[in-house]
Amino acid sequence: MDTITELLRGALEEVRSLGDGATASYIPELAQADPERLALSVVGPRGRVRSVGDEDAEFTIQSMSKPFVLALALVEHGRDAVFAKVGAEPSGEPFNAISLEADTGRPANPLINAGAIATTALIGGDDVDARTARIVELLSAFAGRSLWIDESVYASESSTGDRNRALAHLMRSYGVIDVSVDLAVETYFRQCSALVTVRDLAVMASTLAFGGWNPVTGERVVGESVARDVLSIMASCGMYDYSGQWMLRVGLPAKSGVSGGIIAVAPSQFGVAAFSPRLDEHGNSVRAVAIVEQLSERLGMHLLEPH
Ligand code: GLN
């Protein structure tokens, strides 16, 4: 075992005993996840992947899809058009908050549910399938392998997704969304239900770390300015109402999802992903937060530290 893998294994064992938190229950299928699962993966500049723990466990990408769909919207429409529909400010509120700007109905940022639904609504395509295909194709290019949708998680989300539908109705009433509510939210539910492993997520994070170039496949997935825009939003808004604390303690652009994953990006150095299903009160994985926090501290990764 090389020294980095050893370090990762040590980090994993240090957080294993953390038993706090609970699996997400508002999406019934997610409540079934094995709460003990724990995995960590890191991808460096030459595309070397190092993974420890339950590295083959598959889970749905959930909100970690949001930065990548933002990237696709930026590619399709450019920065000004995207940020005319959705803000770039941390909301300081939970991920599913019913909070839209007073006069315009604009959501605070693309990484809370409202903002992500508005961003997804910008992706081109005639119907849910065509739009989903475009999104899955991009997620797959970031991951370096073909991803697909977990139909039972999708069905579970769609049948319990009234809050997201309500947000979409509100945004449509303001003209923030100009496609049908169904088209917007069903595409969003499908994007959230793409299956990934911690390894896939680390490759996706590393593609952002290297300016949109996937270090495993050697493919340019998005341009440098798109990757930079996405990382900027992740740095301020990626961890919901824990984003400020996260920047303080970890200092890396990141994004969490209610399935229990977190991606974090050390620009020009590596992409990281951690997975463990039990969540804290913000909807962030307890053990994944702890492990990335610990890695950043040990490796001196805080972006604002003099290097
Ligand atoms: N699909 C989930 C939802 O819309 C995503 C939320 C999340 O991962 N925080 O509620």
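Remember, predicted model here, so these are calculated numbers, not experimental data. (Residues numbered from 1 in each chain as written. Predicted model: local features only at pLDDT ≥ 70, side-chain atom pairs only at ≥ 80, totals over all residues.)

J.: Tell me about the sheet that holds strand S6 (residues 261-266), and please be specific about residues and values.
T.: As summarised here, the arrangement of the 5 strands in space is S2-S1-S7-S6-S5, forming an open sheet in which the pairing is antiparallel. Lying at the two open borders of the sheet, with one neighbouring strand each, are strand S2 (49-53) and strand S5 (254-256). Neighbour to neighbour, the strand axes of the sheet diverge by 10° on average, direction disregarded. Across the sheet, helix H1 (residues 3-16) touches strand S1 (39-43) and S2, and the angle it forms with S2 is around 30°. With respect to the sheet, helix H13 (residues 286-299) is in contact with S1, S5, S6 and strand S7 (270-275), its orientation differing from that of S7 by roughly 150°. (Pairing = 2+ DSSP bridges. Helix = DSSP H or I, 4+ residues; strand = E, 2+ residues; numbered from the N terminus. Axes fitted to C-alpha atoms, helices over the stretch in contact; angles between N-to-C directions. Contact = placed C-beta atoms within 7 Å.)

J.: Please set out the nonpolar core residue by residue, giving values where relevant.
T.: Formed by 101 residues in total, the largest nonpolar core has its most connected members in Ile117, Ala205, Ile263, Val272 and Val292. Tallying contributions element by element places helix H10 (residues 198-209) first for this core, with 8 residues. Domain assignment of the residues forming this core places at least three in each of domain 1 (3-62 + 194-299) and domain 2 (65-191). Residues contacting Val272, with those up to four places away along its chain left out, are Val42, Ala202, Ala205, Ile263, Ala264, Val292 and Leu295. (Core = buried A, V, L, I, M, F, W, Y, C linked by C-beta atoms within 7 Å. Buried ≥ 20, exposed ≤ 12 C-beta atoms within 10 Å, placed from the backbone. Domains from an automatic or database assignment.)

J.: Pulling in residues and values, what's your account of helix H7 (residues 151-159)?
T.: For H7, the set of buried residues is Val153, Tyr154, Ser156 and Glu157. Looking down the long axis of H7, one finds its buried residues gathered within 165° of arc, a one-sided arrangement. The exposed residues of H7 that point more than 90 degrees off its buried face are Glu151 and Ser159. Buried positions along H7 lie against helix H2 (28-31), strand S3 (59-60) and helix H9 (181-192). (Arc of directions from axis to C-beta.)

J.: Please provide a residue-by-residue account of the UniProt feature "binding site: substrate" (unreviewed entry) in the protein chain, values included.
T.: With numbering matched to this structure, UniProt assigns "binding site: substrate" (unreviewed entry) to Ser63, Asn113, Glu157, Asn164, Tyr188, Tyr240 and Val258. Within the secondary structure, Tyr240 is located in the loop between helix H11 (224-237) and helix H12 (243-249). Accessibility expressed as a C-beta count within 10 Å gives 24 for Tyr240, which makes it buried. Every residue in contact with Tyr240, bar those within four places of it in the chain, is listed here: Pro94, Phe95, Ile112, His282 and Gly283. On the secondary structure map, Val258 appears in the loop between S5 and S6. For Val258, a count of 23 C-beta atoms within 10 Å corresponds to the buried category. Aside from chain neighbours lying at most four places away, what touches Val258 is Ala24, Leu30, Gln62, Ser63, Leu279 and Gly283. (UniProt positions renumbered as here; feature names shortened; annotations may be inferred.)

J.: So, the site of the ligand: which residues are in play, and what are the values?
T.: Around the ligand, a shell composed of Gln62, Ser63, Phe95, Asn96, Asn113, Glu157, Asn164, Cys192, Gly257, Val258 and Gly283 is seen. Across the shell around the ligand, the residue classes break down as 3 nonpolar, 7 polar and 1 charged. Mapped onto the domain boundaries, the shell around the ligand takes at least three residues apiece from domain 1 (3-62 + 194-299) and domain 2 (65-191). (Near = placed C-beta within 6 Å. Nonpolar A, V, L, I, M, F, W, Y, C, P; charged D, E, K, R; others polar.)

J.: Which residues make up the domain arrangement of the protein chain, and what values go with them?
T.: Segmentation of the protein chain into domains returns domain 1 (3-62 + 194-299) and domain 2 (65-191). Measuring from the centre of the C-alpha atoms in domain 1 to the corresponding centre in domain 2 gives 21 Å. Taken residue by residue, the interface counts 33 residues in domain 1 and 36 residues in domain 2. At the level of secondary structure, the elements contributing two or more residues to the side of domain 1 that touches domain 2 comprise H2, strand S4 (195-196), H10 and H11. With 7 residues, H11 is the single largest residue contributor to the side of domain 1 that touches domain 2. Taken together, the residues of the side of domain 1 that touches domain 2 break down into 18 nonpolar, 9 polar and 6 charged.

J.: Could you give an account of unusual backbone geometry, naming the residues involved and the relevant values?
T.: Unlike most non-glycine residues, Gln62 shows phi in positive territory, near 50°. Mapped onto the elements, Gln62 comes out in the loop between S3 and helix H3 (66-77). Here Tyr240, not a glycine, exhibits a phi torsion of approximately 55°, which is positive.

J.: Got a sec to walk through the packing of helix H5 (residues 113-120) against helix H8 (residues 162-174)? Specific residues and values, please.
T.: Relative orientation and spacing of two packed helices are given, respectively, by the angle between their axes and the distance between those axes. Here H5 crosses H8 at 65°, and the two axes come no closer than 10 Å. For the element pair H5 and H8, the recorded crossing hand is right-handed. Two secondary-structure elements touch here, H5 through Asn113, Ala114, Ile117 and Ala118 and H8 through Asn164, Leu167, Ala168 and Met171. (Left-handed = near helix turned anticlockwise from the far one by under 90°.)

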